[in-house]
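# A closer look at the structure
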Amino acid sequence: MTDLNDKSHRGSASQFFVAAELCRRGLVANVTLGNCPNIDVLCTDKSAARFAHIQVKTFVPGNRTCAVGVKAEKDFGKSFFWVLAGIPEPNQARPFEYYIIPSQDMACNVRAQHKVWVAKPGMKGQKHDSSTKIRSIALPQKTNYNGWDLSPYLNRWDLILNGISGD
């Protein structure tokens, strides 16, 4: 029997949940199944005139952070979005949480907070390792090192919809 709490299963499932949410909103969304670097979901309007590229990162609702890689520091352009997908465990009575973040906002804030984290000593006074490839984003109820608050991005599917429609 498959372990439903396995990280790789949760990550794959979250990509399909994100694609489903976009389809519910009248868009065409396809999971790339790892065949397209940096893009988990490719999304377009029904005319296929404009696209949105989406990178999905998964967390369990109630967690304090969501891990992303160093590539989150790169601005991939206006048509690129990050979706931090809070997928509840099967026995968890919490709602799904989606934070939709434009690439520019993600890059700017992740770079800034990593810089602050590196300069700040660890819990035992040790120096943080500046070469680490992991970046940790604090979810609401917790503050990011640079004061970035993710609350305004909660369920902001309109950012992708407007990005595709050109509004």
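Residues numbered from 1 in each chain as written. Predicted model: local features only at pLDDT ≥ 70, side-chain atom pairs only at ≥ 80, totals over all residues. Heavy atoms only, no water.

## Here we look at the overall build of the chain
The condition that has to hold: Strands here are runs of E lasting at least two residues and helices are runs of H or I lasting at least four, both read from the DSSP assignment and numbered beginning at the N terminus. Each radius of gyration reported is based on C-alpha atoms, and the globular scaling rule is 2.2 Å times the count of residues to the power 0.38.
The helix and strand tally for the chain stands at 3 helices and 7 strands. From first element to last, N terminus to C terminus, the chain shows the α and β order α-β-β-β-β-β-β-α-β-α. Over its C-alpha atoms the chain spans a radius of gyration of 16 Å, differing by no more than 12% from the 15 Å that the globule rule assigns to 167 residues. With the principal axes as the frame, the chain shows a C-alpha extent of 55 × 40 × 30 Å.

## Description of the pairing of strand β4 (residues 65-69)
Counted only if it meets this: Exposure is judged per residue with a 1.4 Å probe applied to protein chains only, and the accessible area is read against the type maximum: over 50% gives exposed, under 20% gives buried, and values in between give partly exposed. For two strands to count as paired, DSSP must find a minimum of two bridges between them.
Side chains of β4 alternate between two faces, with C66 and V68 buried and T65, A67 and G69 left unburied. Bridge count for β4 against strand β7 (residues 134-138) is 5 bridges, and the pairing is antiparallel. Considered in β7, the bridge of A67 is made with S136.

## Some thoughts on the sheet that holds strand β1 (residues 28-31)
Heads up, the condition is: Axis lines are fitted to C-alpha atoms, over the contacting stretch for helices. Their N-to-C directions set the angle, which ranges from 0 to 180 degrees. Contacts are assigned to residue pairs with any non-hydrogen atoms lying within 4.5 Å of each other.
Ordered in space as β1-β2-β3-β5-β6, the 5 strands form an open sheet in which the pairing is mixed. Every other strand in the sheet has two partners, leaving β1 and β6 (97-102) as the edge strands with one partner each. In this sheet, neighbouring strand axes are inclined to one another by 25° on average, regardless of whether the strands run parallel or antiparallel. Across 6 bridges, the pairing between strand β5 (residues 80-86) and β6 is antiparallel. Across the sheet, the residue bridging to W82 is I101, located in β6. Relative to the sheet, helix α2 (residues 103-119) contacts β5 and β6, its axis offset from that of β6 by approximately 90°.

## Brief notes about the packing of aromatic side chains
For clarity, the threshold we go by: Paired rings are identified among Phe, Tyr and Trp, the last through its six-membered ring, by centres lying within 6.5 Å, and are further divided according to the angle between planes into stacked (under 30 degrees), edge-to-face (over 60) and tilted (the rest).
Going through the model one piece at a time under the given rule, you end up with 7 aromatic pairs. Where W148 meets Y153, the ring centres are 6.1 Å apart and the plane angle is 75°; that geometry is what we call edge-to-face. The two residues W148 and Y153 agree in class, both being buried. Aromatic rings pair up to connect F17, F96, Y98 and W157 into one cluster.

## As for the side chain of Q113
To be explicit about the condition: Two N or O atoms count as a polar contact when they lie within 3.5 Å, although within protein this holds only if one can serve as hydrogen donor and the other as acceptor, and sequence-adjacent residues are included solely when both atoms are side-chain atoms.
You can see Q113 is positioned in helix α2. A relative accessible area of 3% means that Q113 is categorised as buried. There is a polar contact of 2.7 Å between the side chain of Q113 and the backbone oxygen of S136. Excluding anything up to four places from it in sequence, Q113 contacts S136, I137, N144, Y145, N146 and W148.

## Overview of unusual backbone geometry
The backbone phi angle of L33 is positive, close to 55°, even though this residue is not glycine. Within the secondary structure, L33 is located in the loop between β1 and β2 (41-44). Classification of L33 as exposed rests on a relative accessible area of 61%. The phi torsion at N38 lies on the positive side, around 70°, for a residue other than glycine.

## Quick notes on the pattern of salt bridges
Our working definition: When a carboxyl oxygen of Asp or Glu is within 4 Å of a side-chain nitrogen of Lys or Arg, the pair counts as a salt bridge.
The full count for this structure, using the stated rule, is 5 salt bridges. One salt bridge connects R94 with E97, and the closest N-O pair in it is separated by 3.7 Å. Sharing partners across several salt bridges, the network here consists of E21, R24 and R25.

## Some words on the nonpolar core
In plain terms, the rule: Note on terminology: a nonpolar core comprises buried Ala, Val, Leu, Ile, Met, Phe, Trp, Tyr and Cys residues joined through side-chain atoms within 4.5 Å.
If you look at the biggest cluster of nonpolar residues, it comprises 20 residues, and the most contacted ones within it are V18, L22, V41, I54 and I160. Where this core is concerned, the elements lending two or more residues are α1 (7-24), β1, β2, β3 (51-59), β5, β6 and α3 (157-165). Leaving out residues up to four positions away in the same chain, V41 has contacts with Q15, V18, A19, L22, A29, N30, V31, A52, H53, I54 and V56. Within the second largest apolar cluster, 17 residues are counted, among which are I39, V68, A72 and Y99.

Purely geometric numbers; function is a separate question.
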